[in-house]
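Topology and contacts: notes
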Amino acid sequence: MPNISPIPAFQDNYIWLITNNNHAVVVDPGTAAPVERVLAERQLTLDAILITHHHHDHTGGVEALLARWPQARVYAPAAEPMPAANGIALHDGDKVSLPELALEIEVMAVPGHTLGHIAYYAAAQDQAAPGLPLLFCGDTLFSGGCGRLFEGTPAQMHHSLGRLARLPDQTRVYCTHEYTQSNLAFCHAVEPNNPELKKYLQNVAKLRQQGVPTLPSSIGLEKAVNVFLRAHLAGVRAAAQMHQGAELNEDIEVFAALRRWKDDF
Ligand SMILES: [Zn+2]
């Protein structure tokens, strides 16, 4: 099965590197230099690049990587500017086959952070498959948080997160930013008495002290701690209403209030 490791980039981005023997695929290379360094160190061949959305910190390294690896396939959302001349445009429900990694990936449209944002999901072919299912979700779902609404509406993001939340609990979630600790501080402000959250806060504090990534997370963990997946719960609604100073009747309104609250947190 493929091996997955983070390549740290910029302040707090992770470029996820998926390898199998000497084959490599990277997700959202915002810059090429750290990727090239790891490929050289580990004597890997870059076969493909997966892009979740058009922001520069996710696409900025594509051109330089293609100059060095002209045969690498580039996959990116159909609804956004294509970062490579021969890029393969993806729609919701499309399948991406990565035979070099023995990986079959499904494309999920998850608009909200940007309008064309996609996520890459690999289901487990059989129950025993180690490391599967897995999800590369870009800036849609973070551990303890979700992406800012730069282009989409709260309703779109709420729907996108709902789709991700319906994936199997054991799905490993590979987000592209190390925002976990600050996100959890916000979750704690909303749900100060969530025992799962308290436990996770302590684990994350320890990991960060040691400089260890908090990712991947899992869908099951996120459903237990991430308030953006918990807008349907009475306690979360009550906290959002209190902060907003108004009654919130729909889950989408609760979600929108949480997102606004977090924007100023
Ligand atoms: Zn982004």
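Residues numbered from 1 in each chain as written. Predicted model: local features only at pLDDT ≥ 70, side-chain atom pairs only at ≥ 80, totals over all residues. Heavy atoms only, no water.

The name given to the protein in an unreviewed UniProt entry is Hydroxyacylglutathione hydrolase, with Oceanisphaera psychrotolerans as the source organism. Listed in UniProt under the heading Function (unreviewed entry), the comment for the protein reads: "Thiolesterase that catalyzes the hydrolysis of S-D-lactoyl-glutathione to form glutathione and D-lactic acid." Turning to the protein, the UniProt record has this under Pathway (unreviewed entry): "Secondary metabolite metabolism; methylglyoxal degradation; (R)-lactate from methylglyoxal: step 2/2." (UniProt positions renumbered as here; feature names shortened; annotations may be inferred.)

Details of the side chain of Thr176
For Thr176, the location among the structural elements is in the loop between strand S13 (172–175) and helix H5 (180–190). Taking the relative accessible area as the measure of exposure, Thr176 reaches 1% and is therefore buried. At 3.0 Å, the side chain of Thr176 and the backbone oxygen of Gly138 are in polar contact. At 2.8 Å, the side chain of Thr176 and the side chain of Asp139 are in polar contact. (Helix = DSSP H or I, 4+ residues; strand = E, 2+ residues; numbered from the N terminus. Buried < 20%, exposed > 50% of the residue type's maximum accessible area, 1.4 Å probe, protein only. Polar contact = N/O pair within 3.5 Å; in protein donor to acceptor, adjacent residues only side chain to side chain.)

Some remarks on the layout of surface pockets
If you add up the space inside the largest pocket, you get close to 240 Å³. In terms of lining, the largest pocket is formed by 15 residues, of which the most central are Phe142, Cys146, Gly147, Arg148 and Tyr179. Listed by contribution, the elements that provide at least two residues to the lining of the largest pocket are H5 and helix H9 (251–263). Along the lines of polarity and charge, the residues of the lining of the largest pocket split into four nonpolar, six polar and five charged. If you add up the space inside the second largest pocket, you get close to 180 Å³. Counting residues per element, the lining of the second largest pocket draws most heavily on helix H4 (residues 154–165), which supplies four residues. (1 Å grid on protein atoms, 1.4 Å probe; cavity = no way out; pocket = protein on both sides within 12 Å on 5 of 7 lines; lining within 4 Å. Points joined across faces, edges and corners; volume = space filled by probe spheres on them. Nonpolar A, V, L, I, M, F, W, Y, C, P; charged D, E, K, R; others polar.)

Focus on the packing of H5 against helix H6 (residues 195–209)
Following both chains from N to C, one finds H5 and H6 inclined at 155°, their axes separated by 10 Å at the closest point. Here H6 runs roughly antiparallel to H5, going by the angle between their axes. Between H5 and H6 the crossing geometry is left-handed. Along its contact with H5, which presents Thr180, Gln181, Leu184, Cys187 and His188, the element H6 presents Leu197, Tyr200, Leu201, Val204, Ala205 and Arg208. Split into classes, the residues belonging to the contact of H5 with H6 amount to seven nonpolar, three polar and one charged. (Axes fitted to C-alpha atoms, helices over the stretch in contact; angles between N-to-C directions. Parallel < 35°, antiparallel > 145°, perpendicular 65-115°, else oblique. Left-handed = near helix turned anticlockwise from the far one by under 90°. Contact = heavy atoms within 4.5 Å.)

Points about the sheet that holds strand S14 (residues 217–218)
In spatial order, the strands read S7-S8-S9-S10-S13-S14; together these six strands make up an open sheet with mixed pairing. On the outer flanks of this sheet lie strand S7 (95–98) and S14, each paired with one strand and no other. Two elements, strand S10 (residues 134–138) and S13, share four bridges in a ladder whose sense is parallel. Bridged to Phe136 within S13 is Tyr174. Where H4 meets the sheet, it contacts strand S8 (103–109) and S10, and its direction lies at approximately 150° from that of S8. (Pairing = 2+ DSSP bridges.)

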